[in-house]
Amino acid sequence: MTMTAMTFRAMRALSIAAVLAVYASGVLEAANPGARVNAPAPEFSATDSNGKTQTLGAYKGKIVVLEWTNNGCPFVGKHYGSGNMQSLQKKYTGQGVVWLTVVSSAPGTQGYVNAEEANRDTKTRGAAPSAVLLDPKGALGHLYGAQATPHMYVIDTEGRLVYMGAIDDIPSADPSDIAHAKNYVVAAIDAIKAGQRVGVPATKAYGCSVKYAYN
Amino acid sequence: MIASTCTIVDMAPHRNPMLQSYRPGNPMPRPRHTSTVISLIAAAFILVSSPSMSRTEDAVAAPDAPVLVRARMVAETSTLQRGKSSWLAVQLTMRPGWHTYWRNPGDAGMATQVKWTLPEGATAGPIVWPVPQRFVARTIVGFGYPDEVSLLTAVRIPATFPFDNIAIGATVSWLACEKVCVPGSETLVVALPVGDTAATIDPRNAKVFAQARRRVPPRAPFKATFSMDAEAIHIQIPRAILGGLAKPELTFYPFDSSIIDHAAAQSTVMRDRQAELTLRRSATANDRMKRLDGLLIVKNTGSQAARALDVSASAAGVSATPPSAPFKTRPLIQENSRR
């Protein structure tokens, strides 16, 4: 069958009205209420895996990275299995950047961890975040509009959100893509350090959906 | 994927002698292949395609994990004709509760990808995507296919194709999600005789193609335009096309995943001659966008039946004035839960 014939058939189908079953559940709401690039990053207060309260305001003057994670997500696995995420954490925390890994998976969903499990994950995968924030109710996730794991945010020394989105420009679960991908987080941090504008301030994150609670 | 995955390290056609068929300026005698050769070609494919398992898949899939997606590839015709296009279908059948993704996977997920391995001169067109379903998990929207999907692609054989058989390879990669997501991929092969006469329909596959085409959105038989401001994207369509609907509801599913906030309500305003659909733009939308391509879903309020139209709206100019009351809206779709 030729393309023309197919288009023709498709045109006829218009009058027949292809039935589209649209199903979904849950509430429609704005995905991203608080976080806007080049605007002040929303202030938050969250408990980390060592029981300490972490606020954004405490890190004024420092670059802050927020990294949404889920230890069962294959896209997270791409960046931890390859050592990519850990090496970024080590490199930048070594330069004074505050790296906050956030877990917004609700209890009973993939990636949910309690404090002890979060610390065990950090140890077993050789991760080096400044802290792991536990967000089982999804408050921090919804505040920033985190949709995927990994979903990355970079906040500059004045508390402005200067990057949000994907970790890099190759949306795949294949670790062999990392070597030739452009890392947006690296580009954002390097731009801040060089006193330049972040060239790509927003991208679409790729990965697993954040496993939020349904209530 | 899990049980049946293989990932090809390098399947460039020039590396595969079985597929190295014709080089311009180096005329080759046309060999007479037999059906034995077809199986040889297929066997070569399987040999070439078996060596490595993807590390990602190893990491997530237990050896006894259930098959989440079964993949196969079928041709509409039992022969292919030189100088013509023929249709192939990559059919994915999902385990109940699982889905794979549309070209725009939504806020997360990953579009199914097909990488073709074709003899020199043969070409594959773009995937013809059926209308997807929209999934909402709180604020995260996905577009995809539960149950089954057939992705159609036209493959063209050059008029000068020197062989009497062809092996067409497709490495299909997908992300299957239920509550969790598991990536998978598989290499599929179709081997067919090639001739100079009109290709004959393969009756065994007629149903797959008929079903797939019923789900392919037709092109909109009207012109659409769009405009953008700081907060929103507005799509204008002729009001006349909604004539038969008492309370029309419009929804837009963009092909590009980075343009709109998929979870935001979409509102329709009726003007004199136009219906205008307003979408909340995302932080990643490009002001200089010239075309906005996607599916326009048209339905009557309260009705389950909907029409999906393939719309390519052209830029009507970027408006400097912000919209008045842009999102004072109801959710556009009456979310009818099947789950």
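This text goes with the structure placed above it.
Before going into details, it helps to say that this report is about the structure given with it.

Rules used throughout
- Every chain is numbered independently, its residues counted from 1 as its sequence is written.
- By the order in which they are written, chains take letters starting at A while ligands take numbers starting at 1.
- Local features in a predicted model are, by the rule used here, given only for residues with pLDDT of at least 70; side-chain atom pairs are given and counted only at 80 or more, and totals for whole chains, interfaces and linings are based on all residues.
- Side-chain numbers come from the whole structure's heavy atoms, not from hydrogens or water.
- Helix and strand definitions here come from DSSP, where helices need a minimum of 4 consecutive H or I residues and strands a minimum of 2 consecutive E residues; each element is numbered from the N-terminal end.
- Burial here depends on accessible area, computed with a 1.4 Å probe over protein chains only, as a share of the maximum for the residue type. Under 20% is buried, over 50% is exposed, and the range in between is partly exposed.
- Residues are treated as being in contact if the distance between any of their heavy atoms lies within 4.5 Å.
- With residues, only the protein chains shown are counted as cover, and all accessible areas are computed by Shrake-Rupley using a 1.4 Å probe.
- Two strands pair under a simple rule: DSSP has to find at least two bridges between them.
- Throughout, the arc means that of the directions going from the helix axis to the C-beta atoms.
- Think of each axis as a best-fit line through the C-alpha atoms, taken over the contacting stretch in the case of a helix, with angles from 0 to 180 degrees between the N-to-C directions.
- Our working definition of a disulfide is a cysteine sulfur pair at a distance within 2.5 Å.
- Each reported salt bridge corresponds to a side-chain nitrogen of Lys or Arg within 4 Å of a carboxyl oxygen of Asp or Glu.

Digging into the overall build of chain A
Move 1: Helix and strand content of chain A: six helices and ten strands.
Move 2: In chain A, buried positions account for 54% of the 215 residues.
Move 3: The contacts of chain A with a sequence gap of at least 6 include a subset with a gap of at least 24, amounting to 74%.
Move 4: With the model as given, the accessible surface of chain A reaches about 9,100 Å², and the carbon-plus-sulfur share is 55%.

A closer look at the overall build of chain B
Move 1: Within chain B one finds three helices and 18 strands.
Move 2: Buried residues in chain B amount to 54% of all 339 residues.
Move 3: Sequence-distant contacts in chain B: of pairs separated by 6 or more residues, those separated by 24 or more amount to 75%.
Move 4: Within the structure as shown, chain B displays about 15,000 Å² of accessible surface, and the carbon and sulfur contribution to it stands at 54%.

Some points on the pairing of strand β7 (residues 133-137) of chain B
All names here are of chain B.
Move 1: Counting buried positions along β7 yields four of five residues, so the element is predominantly enclosed.
Move 2: Here β7 runs beside strand β8 (residues 140-146); their pairing, made up of five bridges, is antiparallel. Looking across to β8, one finds that Val136 is bridged to Val141.
Move 3: Connecting the antiparallel pair β7 and β8 is a turn made up of two residues, with Arg138 showing a positive phi of about 55 degrees.

Observations regarding helix α3 (residues 206-214) of chain B
Residue and element names in this part refer to chain B.
Move 1: All of the buried residues along α3 are Val208, Phe209, Ala212 and Arg213. Buried residues along α3 cover an arc of 120 degrees about the axis, so they all sit on one side. In α3, the exposed positions that point more than 90 degrees away from the buried face belong to Lys207 and Arg214.

Describing the sheet that holds strand β1 (residues 39-40) of chain A
Sheet strands line up and pair through hydrogen bonds in the backbone, either parallel or antiparallel.
All names here are of chain A.
Move 1: The strand order across the open sheet built from eight strands is β1-β9-β8-β4-β5-β6-β2-β3, with neighbouring strands paired in mixed fashion. Among the strands making up the open sheet, the edge pair consists of β1 and β3 (53-55).
Move 2: Contacting β4 (64-68), β5 (98-103) and β8 (151-155), helix α3 (residues 84-93) runs over the sheet at an angle of about 145 degrees to β5.

Side note on the state of the cysteines
All names here are of chain A.
Move 1: Scanning the model with the defined rule gives two disulfides over all chains in all.
Move 2: Paired through a disulfide, Cys73 and Cys208 show a sulfur-sulfur distance of 2.2 Å. Handedness here is read from the sign of the S-S torsion; for Cys73 and Cys208, about 90 degrees, the answer is right-handed. Here Cys73, found in the loop between β4 and α2 (74-81), pairs with Cys208, found in strand β10 (residues 208-209); they are 135 residues apart in sequence, far enough to count as distant.

Some details on α2(A)
Note that an α-helix has 3.6 residues per turn; residues three or four places apart therefore point the same way.
Move 1: Counting buried positions over the eight residues of α2(A) gives six, a clear majority of the element.
Move 2: Within α2(A), burial applies to A:Pro74, A:Phe75, A:Val76, A:Lys78, A:His79 and A:Tyr80.

Overview of the pattern of salt bridges
Move 1: A full pass over the atoms with the stated rule returns twelve salt bridges over all chains.
Move 2: A salt bridge links A:Arg120 to A:Asp121, with the shortest nitrogen-to-oxygen separation between them at 4.0 Å.
Move 3: A salt bridge links B:Arg281 to B:Asp287, with the shortest nitrogen-to-oxygen separation between them at 2.9 Å.
Move 4: With relative accessibility at 42%, the residue B:Asp287 sits in the partly exposed group.

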